[in-house]
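What follows is each chain in one-letter form.
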Amino acid sequence: ISDLTPTTSYCINAAASALTPTITNGGYGTLSYQWYSNTTASTIGAQATPNETSATYTPTTTVAGVKYYYVIATNGGPSSASNCNTLTSNFAEVKVYGTPTIPTDPITATYCATATPTALTVPNATAGGYGTATYQWYSNTTASTAGATSIAGATTSTFTPTITTAGTTYYFANVSNGGTGGAASCNNLNSGIATITVHPLPVITSGTFATESLCIS
């Protein structure tokens, strides 16, 4: 049996490629097949996939998560201590990713300069069913993700903006699940944009004040 592709990744509900090992009967006999799946890279506890008895198998991608697939080929020969009638393939790891979710966007706010700002947050964001959620916050001078600048060190679900300078800055978070390869198109999501406006403190400049005397009426 030739090796199955060790690892493939897909977005949820995407069309998966068939697992297609090259299998020979060893020189004599008629081959039969049974595909199995498991949640770990082990034959222990694996489940036979119903009706999957051909030389190829196309994994399903309807549920986010990871599964391990393998096939056992039998040539019809008798069982023996040498076990020459069956052979088990290697494991094919198939990862299925959903798009990350951001249930709550960061909130727009207005401050006076030097005030204490409230942290921007994307609470309860998820990786989308598989993978690990990671975060990166961005800032921009316009209300757009295009041309935004990543903020160094801002890699958690919360970020506290700096409000020492008057003006308006736009912030958003990007949540990623780490998907690669066939899952690259569903591996991240931007939050909504929070507008943070900072007003300057009033400034009193020195002036000339005249002295005036008044009579009591």
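As shown above, the structure is provided for reference.
Summarised in this report is the structure supplied together with it.

## Quick notes on the overall build of the chain
Here is step 1: Along the backbone of the chain there are zero helices and 14 strands.
Here is step 2: In the chain, the succession of helices and strands from N to C terminus is β-β-β-β-β-β-β-β-β-β-β-β-β-β.
Here is step 3: Against the 2.2 N^0.38 benchmark of 17 Å for 217 residues, the chain shows a C-alpha radius of gyration of 31 Å, more extended than a compact globule.
Here is step 4: Along the three orthogonal principal directions, the C-alpha set of the chain runs to about 125 × 30 × 25 Å.
Here is step 5: Split into buried and exposed, the 217 residues of the chain put 33% on the buried side.
Here is step 6: Partitioning the contacts of the chain with sequence separation of at least 6, the portion at a separation of at least 24 is 65%.
Here is step 7: Accessible surface, the chain as shown: approximately 12600 Å² in total, 54% of it carbon and sulfur.

## Regarding the packing of aromatic side chains
Given two aromatic rings, their pairing is described by the distance between the two centres and the angle made by the two planes.
Here is step 1: The full count for this structure, using the stated rule, is eight aromatic pairs.
Here is step 2: Summarising the aromatic geometry, the rings of Tyr57 and Tyr69 are spaced 5.4 Å apart at their centres and angled 50° between planes, so their arrangement reads as tilted. Of the two residues, Tyr57 is situated in the loop between strand 3 (47-48) and strand 4 (65-74) and Tyr69 in strand 4; the sequence distance between them amounts to 12 residues.
Here is step 3: Residue classification places Tyr57 among the buried positions, given a relative accessible area of 7%.

## Observations regarding the nonpolar core
Here is step 1: Core analysis: the largest hydrophobic core is formed by 19 residues, its most contacted members being Leu120, Val122, Trp137, Ile151, Phe159, Tyr171 and Ile196.
Here is step 2: Of all elements in the fold, only strand 7 (109-112), strand 9 (134-140), strand 12 (167-176) and strand 14 (194-199) reach the threshold of two or more residues within this core.
Here is step 3: The contact partners of Phe159, leaving out residues within four places of it in the chain, are Ala119, Leu120, Trp137, Ile151, Ala154 and Tyr171.
Here is step 4: Ranked by size, the runner-up nonpolar core spans 14 residues in total, among them Tyr10, Trp35, Val71 and Val96.

## Examining unusual backbone geometry
Here is step 1: Of note, Asn13 is a non-glycine position whose phi angle comes to about 70°, a positive value.
Here is step 2: Within the secondary structure layout, Asn13 lies in the loop between strand 1 (7-11) and strand 2 (32-38).
Here is step 3: At Asn51, a position not held by glycine, the phi torsion is positive, near 65°.
Here is step 4: With respect to the secondary-structure elements, Asn51 resides in the loop between strand 3 and strand 4.

## Notes on the environment of Glu52
Here is step 1: With respect to the helices and strands, the residue Glu52 is situated in the loop between strand 3 and strand 4.
Here is step 2: With a relative accessible area of 23%, Glu52 lands in the partly exposed category.
Here is step 3: Glu52 sits 42 residues away from Tyr10 along the chain, and the two C-alpha atoms are 21 Å apart.
Here is step 4: Not counting the four nearest positions on each side in its chain, Glu52 is found in contact with Tyr33, Gln34, Trp35 and Tyr57.

## A closer look at the pairing of strand 12
Every regular strand shows the same layout, with side chains that alternate between the two sheet faces.
Here is step 1: Counting buried residues in strand 12 gives seven out of 10 residues, a clear majority hidden from the surface.
Here is step 2: Sheet topology places strand 9 next to strand 12; seven bridges connect them, and they run antiparallel. The residue of strand 12 that forms the bridge with Trp137 is Ala173.
Here is step 3: Bridge count between strand 12 and strand 14: five bridges; the pairing is antiparallel. Following the sheet pairing, Thr169 is matched in strand 14 by Ile196.
Here is step 4: Inspection of the sheet shows strand 12 paired to strand 13 (residues 188-190) by three bridges, in the antiparallel sense. From the neighbouring strand, Val175 faces strand 13, where its bridge partner is Leu189.

Thresholds applied
- Residues numbered from 1 in each chain as written.
- Predicted model: local features only at pLDDT ≥ 70, side-chain atom pairs only at ≥ 80, totals over all residues.
- Heavy atoms only, no water.
- Helix = DSSP H or I, 4+ residues; strand = E, 2+ residues; numbered from the N terminus.
- Rg over C-alpha atoms; globule rule 2.2 N^0.38 Å.
- Buried < 20%, exposed > 50% of the residue type's maximum accessible area, 1.4 Å probe, protein only.
- Contact = heavy atoms within 4.5 Å.
- Areas by Shrake-Rupley, 256 points an atom, 1.4 Å probe, with all protein chains shown as cover.
- Phe/Tyr/Trp six-rings, centres within 6.5 Å; stacked < 30°, edge-to-face > 60°.
- Core = buried A, V, L, I, M, F, W, Y, C linked by side-chain atoms within 4.5 Å.
- Pairing = 2+ DSSP bridges.

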